[in-house]
Amino acid sequence: MAALRRRRCILKYKGWCSDWTSISTGLPQGSPLSPVLFNIYMLDLARLDRPIARIRTFADDVLVSAKGGSRDEILSRISPALTSIEACCEKDRCEINGDKAAALHCTLRKRIQNADQPVPSYGEANIPLSMSMRYLGVVFDKQLSYTEHVNTTLQRATKGVNALKAAAGRRAEERHLVTLYKALVLSIIDFALPMIQMSQNQVHRIERLQNACLRIITGCTRSTPIPVLHYLTGVTRTDNL
């Protein structure tokens, strides 16, 4: 509890420093305890969860989802849940940031993907419709293809790949390069991978990035068989994660 009770901060700007100030509210940034305490604070919202309209919370992220035979049916299930959330927030004296709210209709039926979509509302404002939505690091799209999620993942992994190239150029040991790869690249590309169903094309895009990293680590050429790369580095295929 000392980490919560005896916190102080100071503001520095160039050569100037403020006096130390004690902090008695809020949660420590980056502490593993912070999301746990935040989940306890949000427990009233989590208890609103019902099979007909699921309400999932983690820290300050709230997701309301429902399924049905039509979009109007889905909206009829979502709306009471949103009303319950609004009442709960009013009781607990907290507020949902409407500027960060978005609605996403998902379907595998191509003929209705571009059809008119009913707009849910929260309070007196409509929730804007979106083509994609990020929740807990995963980007969902209307077709549940996860194409945008893979695009974002590969873009985020670029810095790690560049760092790996730089370390390999300085003749770092292979075991150190493997550790660097796992920390800076693999930790990004395998996030939530076992839980989402991607097409083989999307899986292969991630696999190609990993294969390129394994060639950087081992110094092997493109003609080297992929199983050899995995054997030399001890890294498994991404579709086996």
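Residues numbered from 1 in each chain as written. Predicted model: local features only at pLDDT ≥ 70, side-chain atom pairs only at ≥ 80, totals over all residues. Heavy atoms only, no water.

Chemist: Would you mind going over the packing of aromatic side chains in detail, with residue names and values included?
Modeler: Throughout the structure, instances matching the rule amount to two aromatic pairs. Centroid distance Phe38 to Tyr41: 6.2 Å. Interplanar angle 90°. Geometry classified as edge-to-face. Here Tyr41 and Phe38 lie together in helix α2 (residues 33–41), a separation of three residues that amounts to about one turn. Among the residues examined, Phe38 registers a relative accessible area of 28% and is labelled partly exposed. When its relative accessible area of 48% is taken as the criterion, Tyr41 is described as partly exposed. The positively charged end of Arg8 is found above the aromatic ring belonging to Trp20, 4.4 Å away from the centroid. (Phe/Tyr/Trp six-rings, centres within 6.5 Å; stacked < 30°, edge-to-face > 60°. Helix = DSSP H or I, 4+ residues; strand = E, 2+ residues; numbered from the N terminus. Buried < 20%, exposed > 50% of the residue type's maximum accessible area, 1.4 Å probe, protein only. Lys NZ or Arg CZ within 6 Å of the ring centre and 35° of its normal.)

Chemist: Tell me about the pairing of strand β6 (residues 61–65), residues and numbers included.
Modeler: Taken together, the five bridges between strand β5 (residues 54–58) and β6 define a ladder with antiparallel strand orientation. Residue pairing in the sheet places Ile55 in a bridge with Val64 of β6. The antiparallel hairpin formed by β5 and β6 contains two residues in its connecting segment, where Ala59 sits at a positive phi of about 55°. (Pairing = 2+ DSSP bridges.)

Chemist: Now, about helix α8 (residues 226–233): what can you tell me, with residues and values included?
Modeler: Side chains three or four residues apart in an α-helix point the same way, a direct result of the helix having 3.6 residues per turn. When α8 is considered as a whole, its buried residues turn out to be Leu229, His230 and Thr233. On an axial view of α8, the arc spanned by its buried residues comes to 95°, and they lie on one face. Along α8, exposed side chains directed more than 90 degrees from the buried face belong to Pro227 and Tyr231. Those residues of α8 that are buried lie in contact with α6 (174–189) and α7 (200–218). (Arc of directions from axis to C-beta. Contact = heavy atoms within 4.5 Å.)

Chemist: Go over the pattern of salt bridges, please, and point to the residues and values.
Modeler: Counted under the stated rule, the structure contains six salt bridges. Residues Arg47 and Asp44 are paired through a salt bridge, measuring 3.8 Å at the closest nitrogen-oxygen approach. Taking relative accessible area as the criterion, Arg47 reaches 56% and is therefore assigned exposed. Judged by its relative accessible area of 26%, Asp44 falls in the partly exposed class. (Salt bridge = Lys/Arg side-chain N within 4 Å of Asp/Glu carboxyl O.)

Chemist: Quick rundown of the packing of helix α5 (residues 147–169) against α6? Include the residues and the values.
Modeler: Each pair of packed helices can be summarised by the angle the axes make with each other and by the distance between the axes. Where α5 meets α6, the closest approach of the two axes is 8 Å, and the angle between their N-to-C directions is 170°. In terms of axis orientation, α5 runs roughly antiparallel to α6. Two secondary-structure elements touch here, α5 through Thr153, Arg156, Ala157, Gly160, Val161, Ala163, Leu164, Ala167 and Ala168 and α6 through Leu177, Leu180, Tyr181, Leu184, Val185, Ile188 and Ile189. (Axes fitted to C-alpha atoms, helices over the stretch in contact; angles between N-to-C directions. Parallel < 35°, antiparallel > 145°, perpendicular 65-115°, else oblique.)

Chemist: Go over the packing of α5 against α7, please, and point to the residues and values.
Modeler: At a minimum axis separation of 10 Å, α5 and α7 run at an interaxial angle of 0°. The orientation of α5 with respect to α7, classified from their angle, is roughly parallel. Here α5 contributes Thr147, Val150, Asn151, Leu154, Ala157, Val161, Leu164, Lys165 and Ala168 to the contact with α7, which in turn contributes Gln202, Arg205, Ile206, Leu209, Cys213, Ile216 and Ile217. Tallied by class, the residues present in the contact of α5 with α7 amount to 11 nonpolar, three polar and two charged. (Nonpolar A, V, L, I, M, F, W, Y, C, P; charged D, E, K, R; others polar.)

Chemist: Can you lay out the pairing of strand β10 (residues 138–141) for me, pointing to particular residues and giving the numbers?
Modeler: Strand residues, when the strand is regular, have side chains that alternate between the two faces of the sheet. The sheet contact formed by strand β9 (residues 132–135) and β10 spans four bridges and is antiparallel. Within β10, the residue paired with Ser132 across the bridge is Asp141. Between β9 and β10, which pair antiparallel one after the other, the connecting turn spans two residues, and Leu136 there sits at a positive phi close to 50°.

Chemist: Before we move on, can you summarise unusual backbone geometry with the specific residues and values?
Modeler: Located in the positive-phi region is Ala59, a residue other than glycine, with phi close to 55°. Relative to the helices and strands, Ala59 is located in the loop between β5 and β6. The exposure class of Ala59 is buried, given its relative accessible area of 12%. One non-glycine residue, Arg171, lies in positive phi territory at about 60°.

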